[in-house]
Amino acid sequence: ILYSWGVLFNIVGTVYHDPEVFEDGLFKGYNFWAVTVVINNALNGLAISAILKYADNIARVYAHACAMIVTMLLSTVLFNETPTPQLALAVLMVSASALQYNLKQEQLLALGTSASPKYTTSALSFSPSASPSKRTDGYGEDEEELELGERPQNSPK
């Protein structure tokens with residue numbers, strides 16, 4: 001059901017371009033490894049569809065990154081490959097981004113305060129002693145930030 005339209009259009013395209021394909025079989029000329037790759041790619045497509053159905057695109061990106069790390073580890077163990085510095089850097093960057101994505105904001109802010117008294121989130125810089133209702137990003141320093149649905153004090157009702 002998930003990919004039935006794709007299967008239908010691919011069969012129509014195959015019959016249109018090569019009508020004899022069903023006489024000798026779909027896998028004519030394929031050896032065991034070629035069939036294994038086809039089945040692996042089909043299952044990979046179904047797995048990605050399930051991930052996107054129950055999670056989000058970020059989860060898919062991190063799944064690919066984890067697959068890269070596992071591939072590196074298996075290549076090192078099975079084939080005696082040595083990881084390149086670029087691969088090691090990529091693994092560190094993926095690990096750091098996964099950590100930052102999954103930490104709560106309070107945990108990230110606590111990490112930032114241990115190095116210096118001021119820390120930055122998005123475009124706003126603030127210190128723990130700053131008033132939460134005043135902007136300190138350099139634009140409209142005297143303007144108050146409003147909560148959702150709140151009107152400015154000098155606006156007409």
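Residues numbered from 1 in each chain as written. Predicted model: local features only at pLDDT ≥ 70, side-chain atom pairs only at ≥ 80, totals over all residues. Heavy atoms only, no water.

Undergrad: Would you take a moment to explain the packing of helix α3 (residues 32-54) against helix α4 (residues 57-79) for this structure?
TA: What describes two packed helices is the angle between their axes and the distance between those same axes. Put simply, α3 and α4 touch, their axes get as near as 8 Å, and they point 140° apart. Between α3 and α4, the angle falls in the class oblique. Only Asn57, Ala59, Arg60, Ala63 and His64 of α4 make contact with α3, whose side of the interface consists of Ile48, Ile51 and Leu52. Its residues assigned to classes, the contact of α3 with α4 shows 5 nonpolar, 2 polar and 1 charged. (Axes fitted to C-alpha atoms, helices over the stretch in contact; angles between N-to-C directions. Helix = DSSP H or I, 4+ residues; strand = E, 2+ residues; numbered from the N terminus. Parallel < 35°, antiparallel > 145°, perpendicular 65-115°, else oblique. Contact = heavy atoms within 4.5 Å. Nonpolar A, V, L, I, M, F, W, Y, C, P; charged D, E, K, R; others polar.)

Undergrad: How do you make sense of the nonpolar core when you look at a structure like this?
TA: Generally speaking, soluble globular proteins have nonpolar side chains that are buried together. The biggest cluster of nonpolar side chains holds 5 residues, and these are Ala65, Ile69, Met72, Val91 and Val94. It is α4 that contributes the most residues to this core, 3 residues altogether. If we ignore the near neighbours within four places in the chain, the residues touching valine 94 are Tyr62, Ala65, Met68 and Ile69. (Core = buried A, V, L, I, M, F, W, Y, C linked by side-chain atoms within 4.5 Å. Buried < 20%, exposed > 50% of the residue type's maximum accessible area, 1.4 Å probe, protein only.)

Undergrad: Sorry, what's going on with the confidence of the model for the chain here?
TA: A low pLDDT score tells you not to read the predicted coordinates there in detail. When pLDDT is averaged along the chain, the result is 75; 70% of the residues meet or exceed 70. Within the chain, no element has a lower average pLDDT than strand β2 (residues 124-126), which sits at 44, and none a higher one than helix α1 (residues 4-17), at 90. Across residues 115-142 the pLDDT falls below 50, and counting only partners more than four positions away or on other chains, this stretch makes 32 contacts in the model. (pLDDT = per-residue confidence, 0-100.)

Undergrad: Would you take a moment to explain a nonpolar patch on the surface for this structure?
TA: Taken together, Tyr3, Val7, Ile11, Val15, Phe22, Leu26, Phe27, Tyr30 and Val38 make up a surface patch of nonpolar side chains, about 850 Å² in accessible area. With 3 residues, the single largest contributor to the nonpolar patch is α1. The class for phenylalanine 27 is partly exposed, based on a relative accessible area of 46%. (Patch = residues over 30% accessible without salt bridge, like charges linked within 9 Å, V, L, I, M, F, W, Y side chains within 5 Å. Areas by Shrake-Rupley, 256 points an atom, 1.4 Å probe, with all protein chains shown as cover. Salt bridge = Lys/Arg side-chain N within 4 Å of Asp/Glu carboxyl O.)

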